[in-house]
Amino acid sequence: MMEIAGSRTPEGNKATEVILSVFRTNGLLLAAGDLLAAGLGLTSARWQVLGAVAYAQRPLTVPQIARRMGLTRQTVHTTINRLLADGVVELVPNKDHQRSQLVRLTELGQDRYQAIDQEQAAWVNRLAAGLARSDLDTAARVLAELCTRLEADPAQLPAQEGNDHEP
């Protein structure tokens, strides 16, 4: 086994395990999302952007979507362009910022999002079956706290340029 340089506390070692598990889980979730979304002409990335707007229950700007989803603006912009071409989103004027239009789901986008949301509900119920609610609560709380800490201290974040997670 390779020895890794650096001196971590026991908590740092455990946090590293969590991070590595999150990386693997993210890859597996993206692959599962691609399978779930494929029948509706979507990818995980496109579904993620649709979901950000759907959950907000109001149109959002590209930077707002990027912040909510932990993606770069460039990545979201590329995804939005694909969703525009597919007719599932539209851009509408933003009275607060003329140069930053709002992204809104079209009727087709709402229909596709509702359809995939129904498929996801059945899938996630199967995935979660047998897991203790308290364990899921703890996992959600810990991941949310890690997000909060990373967002609160930008020095902890790696440079954002080139940190694209899409296409």
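In the block above lies the structure referred to throughout.
Since the model is a prediction, treat every value here as computed from it, not as a measurement.

### Overview of the overall build of the chain
Here's step 1: When helices and strands are tallied, the chain shows six helices and two strands.
Here's step 2: Ordered by position from N to C terminus, the α and β elements of the chain give α-α-α-α-β-β-α-α.
Here's step 3: Across the 167 residues of the chain, 24% fall into the buried class.
Here's step 4: A fraction of 49% describes how many contacts in the chain between residues 6 or more apart in sequence connect residues 24 or more apart.
Here's step 5: Roughly 11,800 Å² of accessible area belongs to the chain as shown, and the carbon and sulfur atoms make up 55% of that amount.

### Let's talk about the pattern of salt bridges
Here's step 1: Taken as a whole and assessed by the stated rule, the structure comprises five salt bridges.
Here's step 2: In this structure, aspartate 86 engages arginine 46 in a salt bridge whose closest nitrogen and oxygen atoms are separated by 3.2 Å. Here aspartate 86 is found in helix α4 (residues 73-86), whereas its partner arginine 46 is found in helix α2 (residues 44-56), with 40 residues between them in sequence.
Here's step 3: When its relative accessible area of 30% is taken as the criterion, aspartate 86 is described as partly exposed.
Here's step 4: What makes arginine 46 buried here is its relative accessible area of 17%.
Here's step 5: Among the salt bridges present, the one from arginine 133 reaches aspartate 137, with a minimum N-O distance of 3.4 Å. Taken together, the positions of arginine 133 and aspartate 137, both in helix α6 (residues 133-152) and four residues apart, correspond to about one turn of that helix.
Here's step 6: Owing to a relative accessible area of 65%, arginine 133 belongs among the exposed residues under this scheme.

### What about α4?
Here's step 1: Taking 1.5 Å of rise per residue, 14 residues should cover 20 Å, and α4 covers 20 Å from first to last C-alpha, within 8% of that figure.
Here's step 2: Looking at α4, one finds that the buried residues are Thr75, Val76, Thr79, Ile80 and Leu83. Taken around the axis of α4, the buried residues stretch over an arc of 130 degrees, which confines them to a single face.
Here's step 3: After α4 finishes, the residue glycine 87 shows a positive phi value of roughly 75 degrees.

Each value, and the rule that gives it
Residues numbered from 1 in each chain as written. Predicted model: local features only at pLDDT ≥ 70, side-chain atom pairs only at ≥ 80, totals over all residues. Heavy atoms only, no water. Helix = DSSP H or I, 4+ residues; strand = E, 2+ residues; numbered from the N terminus. Buried < 20%, exposed > 50% of the residue type's maximum accessible area, 1.4 Å probe, protein only. Contact = heavy atoms within 4.5 Å. Areas by Shrake-Rupley, 256 points an atom, 1.4 Å probe, with all protein chains shown as cover. Salt bridge = Lys/Arg side-chain N within 4 Å of Asp/Glu carboxyl O. Expected span 1.5 Å × (residues − 1). Arc of directions from axis to C-beta.

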